[in-house]
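Topology and contacts: notes
Chain by chain, the residues run as shown.
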Amino acid sequence: MEQQNELSFDTLVIGGGIAGSEAAINLANLNYKVILVEKDLSLGGKMIHLSKVFPTLDCAACITTPKVSETIRHPNITIYTYSEVKNIVKVSEKKFTATLVKKPRYVNEDLCTGCQECEDKCPVVVKDQFQYDLVGRKAVYVPFSIANPRVVNIDIENCILCGLCEKVCPVDAIDFTQEDVEIPLTVKSVIIATGFELFDPTQILRYGFGKFKNVVTAMQMERQLVPTRPYNSVLRPKDGKMPDNIAYILCTGSRDETVGNPICSQICCMYSVKQAQLLLGALPMADVSIYCMDIRAFGKGFCEFYQQAVGMGVEFHKGRVAKITEKENGNLILRYEDIEEGKIKEVEHDLVVLSIGVLPNPDAKLLFDSPVIESDEFNYVKQTDELLCPPDTNIKGVFVAGTSSGPMDIPDSILSAGAASACSANYIRN
Ligand SMILES: Cc1cc2nc3c(=O)[nH]c(=O)nc-3n(C[C@H](O)[C@H](O)[C@H](O)COP(=O)(O)OP(=O)(O)OC[C@H]3O[C@@H](n4cnc5c(N)ncnc54)[C@H](O)[C@@H]3O)c2cc1C
Ligand code: SF4
Ligand code: SF4
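Residues numbered from 1 in each chain as written. Chains lettered and ligands numbered in written order. Predicted model: local features only at pLDDT ≥ 70, side-chain atom pairs only at ≥ 80, totals over all residues.

Some words on the site of ligand 1
For clarity, the threshold we go by: Here, nearness is defined through the C-beta atom: a residue counts as near a molecule or strand if that backbone-placed atom lies within 6 Å of it. Helix and strand assignments follow DSSP, with helices taken as H or I runs no shorter than four residues and strands as E runs no shorter than two, numbered in order from the N terminus. Gly is put with the polar residues, along with every residue not named as nonpolar or charged; the nonpolar set is Ala, Val, Leu, Ile, Met, Phe, Trp, Tyr, Cys and Pro, and the charged set is Asp, Glu, Lys and Arg. As used throughout, domain bounds are those supplied by an automatic or database domain assignment.
In the vicinity of ligand 1 lie 38 residues, with Gly15, Gly17, Gly45, Gly195 and Gly402 positioned nearest. For the shell around ligand 1, the secondary-structure elements that each account for two or more residues are helix H1 (18-29), strand E14 (196-198), helix H5 (218-225), helix H6 (268-282) and helix H9 (410-429). Along the lines of polarity and charge, the residues of the shell around ligand 1 split into 18 nonpolar, eleven polar and nine charged. When residues are assigned to domains, the shell around ligand 1 turns out to be shared by domain 1 (2-102 + 181-195 + 361-429) and domain 3 (199-358), each giving three or more.

Right, dumping it as structure tokens:
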């Protein structure tokens, strides 16, 4: 492992989703020097993978990409993607030490132009995690079309070391000698913006995700609805047919003690209402039904957005789906209790979308050696003064932004990042 000289900054922002980017830009605009560390290959978090956003139906990429570009180009922000921090220690007030670990991409980032000639030649195809397994990608790959930085990565676990990429690269950017680089770091404050994880629906066996091909997640549906979508239309995975009777199952992995997540994910009702409207635009002849306990349309313009969906013909059914079974043709039978009529019903759909919930990212807990960061009862980063100073954590000088502290939508993540950056600036200055 290669070692490098110590780096020193005002604030360390961990996580380059919308909350991390917003916090970094705010501080950088106040002339603080910021280091932003992102675990993944690109900035943008979950938002960069979304289609449009509720309730305005603005294009998610059109909002995220300028924000990501601004973060990358800001002279006061230094970015490390495909990197992590560990062993954070508070040495004294306004002095934290940590170790930054830069993982090898096996490509020289300064040389790679993102031309993808190597990708064309690579013979290995594996599932594309950025398209949520809907299609394949090569072992050497640009993560996704609007990734930033736009350089390739070699997935060394699947690479067969054939050397074809090395042969065709016009700028000799492929470098199989790269290894982890560790860099000691000193900062005055820390912002945790490590975001959330998605509920794994294979945990609910009765919904058949992973077994019934026409049961997909809402994130897979987001990918089918984006302009950079894997297919040219919305298709059923089993046979590539266009669906015409689609069901959404809300609260998959939320408000459910049986899977250990009793709380509301706050976003699934509205993203399902959004997707239903987008589907009616993409497939005008389709029927869309939403099965739910209730619709939580609590934010500004949300109730009107829900009513708009009702007006467009989206059907809402009150009742939790108990079980899905698959017919030979790939269609799915949903068994549920219609709460309003007090009857058990069975209905047939040709595609089912699971509105999967939000879970805490366990990484946040592992970042700190001393003192340790405290979690709340649901395993999110604990806000020690939730009412009067929501960004505060149990460590003075460490603040939390976005969904690291609990489920929230994009506007609330941005607001929370604004508050975290203000608290961080205040802490450094006083
Ligand atoms: C299907 C779906 C549809 C949605 N639609 C909408 C919508 O229409 N409108 C809306 O307002 N909201 C929507 N949301 C919610 C939205 O995605 C979130 O509000 C938003 O992404 C939260 O941003 P964040 O920065 O807090 O977290 P994230 O987007 O999760 O970003 C966190 C970042 O931190 C990085 N990270 C994680 N661990 C580490 C680590 N240890 N070190 C360094 N980096 C790390 C991650 O790689 C990631 O880049 C939707 C969510 C889903 C799942
Ligand atoms: S060496 Fe690996 S990444 Fe390069 S072309 Fe061969 S399989 Fe693909
Ligand atoms: S590694 Fe070389 S061939 Fe591959 S995208 Fe980068 S510049 Fe192009």
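Moving on, there is more to tell.
Section: the sheet that holds strand E21 (residues 343-349)
So the rule is basically this: The rule for pairing is simple: two strands pair if DSSP sees at least two bridges between them. Axes here refer to lines fitted to C-alpha atoms; in helices the fit is confined to the stretch in contact. Angles between the N-to-C directions go from 0 to 180 degrees.
Strand order across the open sheet formed by three strands is E19-E20-E21, with antiparallel pairing between neighbours. In this open sheet, the two strands that pair with only one neighbour each are strand E19 (321-326) and E21. Pairwise comparison of adjacent strand axes, ignoring direction, gives a mean angle of 20° for this sheet. Sheet topology note: the strand E20 (residues 332-338)/E21 ladder contains seven bridges and is antiparallel. Following the sheet pairing, Ile333 is matched in E21 by Glu348.

Topic: the pairing of strand E17 (residues 287-292)
To keep it simple, the criterion reads: A crossover gets the label right-handed when its path from the first strand over the helix to the second runs clockwise, viewed with the strands pointing away from the viewer.
Across five bridges, strand E16 (residues 245-252) lies against E17 in parallel orientation. What sits directly across from Ile246, in E17, is Val288. Where the polypeptide runs from E16 across H6 and back to E17, its parallel neighbour, the crossover connection is right-handed. Of the strand pairs in this sheet, E17 and strand E18 (residues 315-318) are connected by four bridges, and their pairing is parallel. Note that in E18 the partner of Cys292 across the bridge is Lys318. Between the parallel pair E17 and E18, the chain is carried across by helix H7 (residues 302-312), and the sense of this crossover is right-handed.

Quick look at the environment of Cys169
Our working rule: Partly exposed residues are those falling between the two cut-offs: more than 12 but fewer than 20 other C-beta atoms within 10 Å of their own, whereas 20 or more means buried and 12 or fewer means exposed, with C-beta atoms placed from the backbone. We call two residues in contact whenever the C-beta atoms placed from their backbones are within 7 Å.
Mapping Cys169 onto the fold places it in the loop between helix H4 (164-168) and strand E13 (181-192). Look at Cys169 and you get buried, because 22 C-beta atoms sit within 10 Å. Put simply, Cys169 and Phe209 are 40 residues apart on the chain and 40 Å apart in space, counted from C-alpha to C-alpha. Cys169 has contacts with Glu117, Cys118 and Ile174, leaving out every residue within four places of it along the chain.

Quick look at the packing of H1 against H9
Applicable threshold: Handedness of a crossing follows from how the near helix is turned relative to the far one, being left-handed for an anticlockwise turn of less than a right angle and right-handed for a clockwise one.
Running from N to C, H1 and H9 cross one another at 35°; their axes reach a closest spacing of 8 Å. The handedness of the crossing between H1 and H9 comes out as right-handed. Residue-level inspection shows Ile18, Ala19, Glu22, Ala23, Asn26 and Leu27 of H1 in contact with H9, the latter providing Ile410, Ser413, Ile414, Ser416, Ala417, Gly418, Ala420, Ser421, Ser424 and Ala425. Across the contact of H1 with H9, the residue classes tally to nine nonpolar, six polar and one charged.

Read these as spatial facts, not as claims about activity.
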